[in-house]
Amino acid sequence: DGLEPTLREGVGNPAELAQFKGNTVAYLFVPGSTMETYVNWDVPFNWAPGTDVYAAIHWSPGASTNTGTVRWGLEFTSAAVNGTFPDTSTFYVDTTVSTSSAWKHIQAVSAAYPGSSVSPNMRFLIRLYRDGAASQDTFPDNAYLVGIDFYYKVNKFGTPSFTPPYT
């Protein structure tokens, strides 16, 4: 289930849409800086209860042939329908770039978000950022965000009810 990140102008240090290849555009995250964008995601009704959820960040180093690691951060809060949003939590996803990575489509998958903490139609509010100021981020060039997906197991029978508690 892929989502296009929503850029929030005037919040923090927003990533910028920039020319990627030809006349296409992608979100530009520069090295040495913490730049961000935001994503909202609802857990689908066909999610298999109790199974873990993963975020997959899709990005490219553009024309760069340099090596290093890009550190992505996912700061989030989530709540079930009629639930309360708790304090945020953060997952980091480090991706190593090789010299043969110019123009590659790279996928960086997060650690599992435990299925025991998930429910159908749960809303996630996510700050997605490149933690370019962190010592773990050693890639000296731009990183272009091309999308984000959320992976989950599917219940082939779906949710029998669209009314909380979705049972």
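Everything numeric here is computed off the predicted structure, so don't read it as measured data.

About the thresholds
- Residues numbered from 1 in each chain as written.
- Predicted model: local features only at pLDDT ≥ 70, side-chain atom pairs only at ≥ 80, totals over all residues.
- Heavy atoms only, no water.
- Helix = DSSP H or I, 4+ residues; strand = E, 2+ residues; numbered from the N terminus.
- Buried < 20%, exposed > 50% of the residue type's maximum accessible area, 1.4 Å probe, protein only.
- Contact = heavy atoms within 4.5 Å.
- Areas by Shrake-Rupley, 256 points an atom, 1.4 Å probe, with all protein chains shown as cover.
- Patch = residues over 30% accessible without salt bridge, like charges linked within 9 Å, V, L, I, M, F, W, Y side chains within 5 Å.
- Salt bridge = Lys/Arg side-chain N within 4 Å of Asp/Glu carboxyl O.
- pLDDT = per-residue confidence, 0-100.
- Phe/Tyr/Trp six-rings, centres within 6.5 Å; stacked < 30°, edge-to-face > 60°.
- Pairing = 2+ DSSP bridges.
- Axes fitted to C-alpha atoms, helices over the stretch in contact; angles between N-to-C directions.

A few points about the overall build of the protein chain
Phase 1 of the analysis: Secondary structure summary: the protein chain contains zero helices and ten strands in total.
Phase 2 of the analysis: Secondary structure elements in the protein chain, listed N-terminal to C-terminal, are β-β-β-β-β-β-β-β-β-β.
Phase 3 of the analysis: Within the span of the protein chain, comprising 167 residues, buried residues form 46% of the whole.
Phase 4 of the analysis: When contacts within the protein chain are restricted to residue pairs at least 6 apart in sequence, those whose partners lie at least 24 apart make up 77%.
Phase 5 of the analysis: Surface exposure of the protein chain reaches about 8300 Å², of which carbon and sulfur atoms provide 51%.

Describing a nonpolar patch on the surface
Phase 1 of the analysis: Together, Y54, V109 and Y151 line one region of the surface with nonpolar side chains, adding up to about 240 Å² of accessible area.
Phase 2 of the analysis: Relative to the elements of secondary structure, V109 occurs in strand β8 (residues 106–109).
Phase 3 of the analysis: Exposure remark for V109: the relative accessible area of 43% places this residue in the partly exposed category.

Let's talk about unusual backbone geometry
Phase 1 of the analysis: In this model, W103 sits at a positive phi of 65 degrees, which is unusual for a non-glycine residue.
Phase 2 of the analysis: Judged by relative accessible area, which is 33%, W103 ranks as partly exposed.
Phase 3 of the analysis: Of note in the backbone geometry, N121 takes a positive phi value of approximately 65 degrees without being a glycine.
Phase 4 of the analysis: Secondary-structure assignment places N121 in the loop between β8 and β9 (123–131).
Phase 5 of the analysis: For N121, a relative accessible area of 22% puts it in the partly exposed group.

So, the confidence of the model for the protein chain
As a general rule, the predicted coordinates of low-pLDDT regions are not to be interpreted in detail.
Phase 1 of the analysis: The pLDDT averaged across the protein chain works out to 90; a share of 90% of its residues lies at or above 70.
Phase 2 of the analysis: Looking across the protein chain, the model is least confident in strand β1 (residues 2–3), with a mean pLDDT of 64, and most confident in strand β6 (residues 68–79), with 97.

Observations concerning the pattern of salt bridges
Phase 1 of the analysis: What the rule picks out here adds up to five salt bridges.
Phase 2 of the analysis: Of the charged contacts, one joins R127 and E75 as a salt bridge, the two residues approaching to 3.1 Å between their closest N and O atoms. Within this pair, whereas R127 is found in strand β9, its partner E75 is found in strand β6, the two being separated by 52 residues in sequence.
Phase 3 of the analysis: The network of salt bridges with shared partners includes E36, E75 and R127.

Topic: the packing of aromatic side chains
Phase 1 of the analysis: The final tally for this structure, using the stated rule, is 14 aromatic pairs.
Phase 2 of the analysis: Ring plane angle 15 degrees and centroid distance 4.5 Å describe the contact between W41 and F150, whose orientation is recorded as stacked. Here F150 lies in strand β10 (residues 143–152) and W41 lies in strand β4 (residues 34–42), a separation of 109 residues in the sequence. In this structure, W41 and F150 share a single accessibility class: buried.
Phase 3 of the analysis: Measuring from ring centre to ring centre gives 6.1 Å for W41 and Y152, while their planes differ by 40 degrees; the resulting arrangement is tilted. Residue W41 is located in strand β4, and its partner Y152 is located in strand β10; the two are separated by 111 residues in the primary sequence.
Phase 4 of the analysis: Here W41 falls in the buried class, since its relative accessible area comes to 3%.

Some words on the sheet that holds β4
Phase 1 of the analysis: With antiparallel pairing, the four strands of this open sheet are ordered in space as β4-β9-β6-β7. Strands with a single pairing partner mark the edges of an open sheet, and in this sheet they are β4 and β7 (89–97). On average, each strand axis in the sheet is tilted by 20 degrees relative to the strand beside it, whichever way the strands run.
Phase 2 of the analysis: Of the pairings in the sheet, the one linking β6 to β9 comprises eight bridges and is antiparallel in character. Bridge pairing in β9 places S78 opposite F124.

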